[in-house]
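One-letter residues, chain by chain:
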Amino acid sequence: MGELVVDLRNVRREYQTGDVATVALAGVSLQVERGEFVAIVGPSGSGKSTMMNLIGCLDRPTSGDVIVARKNVKDLNDKELTALRSKAIGFVFQQFQLLPLTSAVDNVATPLLYQGIGPREARRRAAEMLSKLGLGDRLDFDRSRLSGGQQQRVAISRALVTNPDLVLADEPTGALDTASGEAVMNTFKEMNADGRTIVLITHDLDVAAAAKRRVYIRDGLIERDEKSDQMVGVR
Amino acid sequence: MTPWLILRMALQRIRASKMRSALTMLGIIIGVTSVVALISVGQGAQQGIDESLADLGANQISVTATTPDGLQDSDAANIAALPNVLRVSSEVRSNGSASFEGNETSLGLIGVSPGYEAIATPTVASGRFLPAAPGAQSARVAVLSAVAADELGMRFDNLGDEFRINGVAFQFIGVLDDADGFGGGGNVYITQTAARSLFAKSPYVSVINVQATAKETVDSVEQGVESYLRAEKGFVDDDDAEFIIFNQAALQDAVNTVTGTLSLLITGIAGISLVVGGIGIMNIMLVSVRERTREIGVRRAIGATQGQILVQFLMEAVVLSLMGGFIGLVIGELASFGLSRLGDWDFFIDPATVTLALGFSAFVGIVFGVWPARTAAKLQPVDALRFE
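Because the structure is a prediction, the values reported are computed rather than measured.

Quick notes on the rules
Residues numbered from 1 in each chain as written. Chains lettered and ligands numbered in written order. Predicted model: local features only at pLDDT ≥ 70, side-chain atom pairs only at ≥ 80, totals over all residues. Helix = DSSP H or I, 4+ residues; strand = E, 2+ residues; numbered from the N terminus. Contact = placed C-beta atoms within 7 Å. Domains from an automatic or database assignment. Axes fitted to C-alpha atoms, helices over the stretch in contact; angles between N-to-C directions. Parallel < 35°, antiparallel > 145°, perpendicular 65-115°, else oblique. Left-handed = near helix turned anticlockwise from the far one by under 90°. Nonpolar A, V, L, I, M, F, W, Y, C, P; charged D, E, K, R; others polar. Pairing = 2+ DSSP bridges. Expected span 1.5 Å × (residues − 1). Bend = angle between axes of the 7 residues up to and from the residue. Buried ≥ 20, exposed ≤ 12 C-beta atoms within 10 Å, placed from the backbone. Arc of directions from axis to C-beta. Core = buried A, V, L, I, M, F, W, Y, C linked by C-beta atoms within 7 Å. pLDDT = per-residue confidence, 0-100.

Once that is clear, we can look at the overall build of chain A. A count of helices and strands for chain A gives seven helices and ten strands. Dimensions of chain A, computed from the C-alpha atoms along their principal axes, are close to 50 × 40 × 40 Å. Contacts in chain A between residues at least 24 apart in sequence constitute 69% of all its contacts with a sequence separation of at least 6.

Before going further, it helps to examine the domain arrangement of chain B. According to the domain assignment, chain B contains domain 1 (3-52 + 253-386) and domain 2 (67-241). The C-alpha centroid of domain 2 of chain B is placed 55 Å from the C-alpha centroid of domain 1 of chain B.

All names here are of chain B. Two elements in contact, helix H10 (residues 306-343) and helix H11 (residues 351-378), have axes separated by 7 Å at closest approach and are oriented at 150°. Of the possible angle classes, the one that applies to H10 and H11 is roughly antiparallel. Crossing handedness for the pair H10 and H11: right-handed. Residues of the contact of H10 with H11, tallied by class, amount to 22 nonpolar, eight polar and one charged.

Moving on, we come to the sheet that holds strand E8 (residues 198-202) of chain A. Residues and elements named next belong to chain A. Sheet architecture is open: six strands sit in the order E6-E7-E8-E3-E9-E10, paired in mixed fashion. Only two strands of the sheet have a single partner each, and these edge strands are strand E6 (89-92) and strand E10 (221-227). Direction aside, the axes of adjacent strands within the sheet are offset by 15° on average. Taken together, the five bridges between strand E3 (residues 37-41) and E8 define a ladder with parallel strand orientation. Note on E8: the bridge partner recorded for Ala 39 is Leu 200.

So, about H11(B). Residue and element names in this part refer to chain B. Between its terminal C-alpha atoms H11 stretches 39 Å, which fits the 40 Å expected from 28 residues at 1.5 Å a residue. The largest bend along H11 reaches roughly 40° and is located at Gly 369, with the proline Pro 372 sitting one to four residues downstream. Within H11 the residues assigned to the buried category are Thr 353, Ala 357, Ser 361, Val 364, Gly 365, Phe 368, Gly 369, Pro 372, Ala 373, Ala 376 and Ala 377.

To continue, consider helix H1 (residues 3-16) of chain B. All names here are of chain B. With 14 residues, H1 extends 20 Å from end C-alpha to end C-alpha; this agrees with the ideal 20 Å at 1.5 Å per step. Taken together, the buried positions of H1 are occupied by Met 9, Ala 10 and Arg 13. Seen from one end, H1 has its buried residues packed into an arc of 95°, which puts them on one side. Within H1, the exposed residues directed more than 90 degrees away from the buried face are Trp 4 and Arg 15. In this fold, the buried residues of H1 make contact with H10.

A word on the environment of A:Gly2. All names here are of chain A. Checked against the element boundaries, Gly 2 lands in the segment before strand E1 (4-17). Taking the C-alpha atoms as reference points, Gly 2 and Gly 64, 62 residues apart in sequence, are found 22 Å from one another. If sequence neighbours within four positions are ignored, Gly 2 has contacts with Glu 33, Arg 34 and Gly 35.

The next thing to look at is the nonpolar core. Grouped together as the largest cluster of nonpolar side chains are 110 residues, with contacts concentrated most on A:Ile40, A:Val108, A:Leu168, A:Val199, B:Phe313 and B:Ala317. In terms of residues, this core owes the most to one element, H10(B), which gives eleven residues. Each residue touching A:Leu168, except ones within four places of it in the same chain, is listed here: A:Met52, A:Ile55, A:Gly56, A:Ile89, A:Gly90, A:Phe91 and A:Val199. Ranked by size, the runner-up nonpolar core spans 49 residues in total, among them B:Ile61, B:Ala120, B:Ala194 and B:Val221.

A word on unusual backbone geometry. Cis peptide bonds are those with omega within 30 degrees of zero, and the linkage from B:Ser202 to B:Pro203 qualifies with 0°. Not every positive phi belongs to a glycine, and A:Cys57 is a case in point at roughly 60°. Within the fold, A:Cys57 resides in the loop between helix H1 (48-55) and strand E4 (63-68). The phi dihedral of A:Phe96 falls on the positive side, at around 65°, and the residue is not glycine.

Residues and elements named next belong to chain A. If you walk across this open sheet you meet the four strands as E2-E1-E4-E5, and the pairing is antiparallel. Both edges of this open sheet fall to strand E2 (20-33) and strand E5 (71-72), since each of them pairs with a single strand only. Pairing analysis gives two bridges linking E4 to E5, with the strands arranged antiparallel. From the neighbouring strand, Ile 67 faces E5, where its bridge partner is Asn 72.

Residues and elements named next belong to chain B. Considering every residue of chain B, the mean pLDDT works out to 87; 96% of them sit at 70 or more. Within chain B, no element has a lower average pLDDT than strand E12 (residues 243-247), which sits at 83, and none a higher one than helix H9 (residues 293-301), at 94. Reported confidences for the modelled complex are a pTM of 0.73 and an ipTM of 0.91.

Little of E10(A) is tucked away, with zero of its seven residues classed as buried. Here strand E9 (residues 213-218) of chain A hands over to E10(A) after two residues, with A:Asp219 in that stretch at a positive phi of 50°.

Moving on, we come to the confidence of the model for chain A. Across chain A, the average pLDDT comes to 91, with 97% of residues at or above 70. Note that residues 231-235 of chain A has pLDDT below 50 and, in this model, ten contacts with residues that lie over four places away or in other chains.

Next up, the structure:
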């Protein structure tokens with residue numbers, strides 16, 4: 001067994017709304033090894049967003065252990081949790097979530113700046129990453145001048161620039177047309193082929209088919225965990 | 001994140017919504033403008049008062065008789081012999097009428113002793129002051145205040161002409177400069193000898209002016225004069241005293257205290273508008289934090305600490321406030337410049353005012369920026385990302 005990047009052990013997450021407790025995750029265990037490409041698949045309300053928040057160290061479990069990059073979230077305060085996110089996780093959001101009034105290169109440089117890397121070096125690395133993803137000629141464009149597919153590639157560059165242990169993508173094709181969506185999925189496959197660990201959250205079975213492993217989730221529990229070693233084309 | 005980058009982010013944000021930023025700054029701009037202008041007016045007024053009082057002489061006291069026979073020439077001579085007294089002059093005063101070429105007006109008549117010019121240092125706008133030579137004291141010559149000359153219809157080219165005081169002919173030899181704070185009323189100055197032939201009874205005098213050797217000795221001279229007069233006039237109760245001692249330095253101190261308190265009060269009232277401006281900034285920053293909740297969530301997700309979010313929003317508030325403060329300072333100084341031309345006092349940019357204006361606006365930015373910035377920093381990343 002390879003090195004574990006994500007290790008969820010019997011994780012429960014409940015939300016308190018007034019007197020009513022809603023169970024989003026009802027005791028889930030999941031291990032992701034370095035180099036895996038995992039899709040977490042489920043309909044809305046299945047608990048997959050909660051799982052993404054927990055794996056992304058954005059939230060804490062009600063009970064159970066969330067261990068990311070060998071650190072147990074339970075043992076970390078807010079500052080240490082932020083540092084773990086910064087170092088270990090690269091986020092790709094559904095709505096791209098590029099920072100407003102900020103050029104592509106500055107968007108990608110921002111995580112490095114938060115790590116305390118100097119602005120010159122941060123911009124250099126950001127430009128390099130954008131060029132790798134084919135956006136070398138769009139460095140100074142802000143999000144209003146980029147197409148959806150370009151924005152998502154900027155977002156992916158931003159996720160990769162810190163060289164994280166894990167790329168966590170939440171419905172990365174959800175706001176894209178078919179062609180751009182396919183291009184983004186191919187980017188993920190290439191990244192995985194380079195050895196990058198990817199966890200992708202989706203409700204779309206076609207998108208999930210691009211992953212080597214699919215974890216089906218329903219009503220806060222893992223329903224099925226299937227691995228396919230051969231690559232399946234998207235759609 | 002270097003401070004420079006955070007500053008650049010704040011400036012970008014302010015530039016992106018110019019109208020909103022300008023309106024947010026308006027309160028600070030108005031506050032700082034009024035504080036700066038009012039401080040400047042206060043300083044100008046102070047300067048004017050100081051100059052007027054300095055003209056009258058900060059090292060002087062005057063003793064004014066409250067009865068016609070309260071003071072005499074001998075008192076002036078005796079006071080002149082007291083320690084620390086540099087010189088003494090005396091005045092006799094009355095009201096009378098003057099006429100020139102059919103114009104008739106009532107004026108204050110002031111008969112001054114030869115030493116008067118040296119103590120009071122009147123500024124002569126045209127012509128000359130009364131003669132000081134002992135042999136020339138009976139000359140029928142007169143110096144008019146500008147107001148008096150104006151009322152009589154006399155101009156500079158009437159110098160040397162004759163006019164009448166209480167029906168007696170006098171030669172018009174000079175006009176005083178009222179703008180310099182001297183002889184503000186309609187007064188006519190003649191020699192004491194002439195005055196005594198006209199209206200005053202010898203040896204009585206109305207006012208004795210005393211000049212001390214220095215500003216520092218004024219108070220001891222005042223005490224000396226008072227104890228001399230007590231002994232000489234033999235009164236027990238202050239109510240029995242037939243004179244009033246008037247200390248220019250004490251007056252100046254009193255006036256300074258009053259003007260100082262007044263400008264502080266007015267500036268304080270203007271300062272309230274700064275606080276209101278600060279509340280405006282806080283309000284807009286709170287709105288901004290709410291509007292940018294998702295951005296905050298994203299920033300937290302990609303590695304911003306609570307401290308970095310706090311600093312980002314605090315910087316925005318402080319930059320807004322400081323920009324407002326700077327604009328207000330510029331407008332305030334321009335207004336002060338205009339007012340100084342109107343009020344005829346010296347314009348200068350006081351470093352203390354600049355420091356106060358910028359320092360206070362930065363302070364307002366911090367105080368009213370902290371709460372919104374803390375609100376932003378305390379957002380849970382997961383809630384912020386989910387926020388619609």
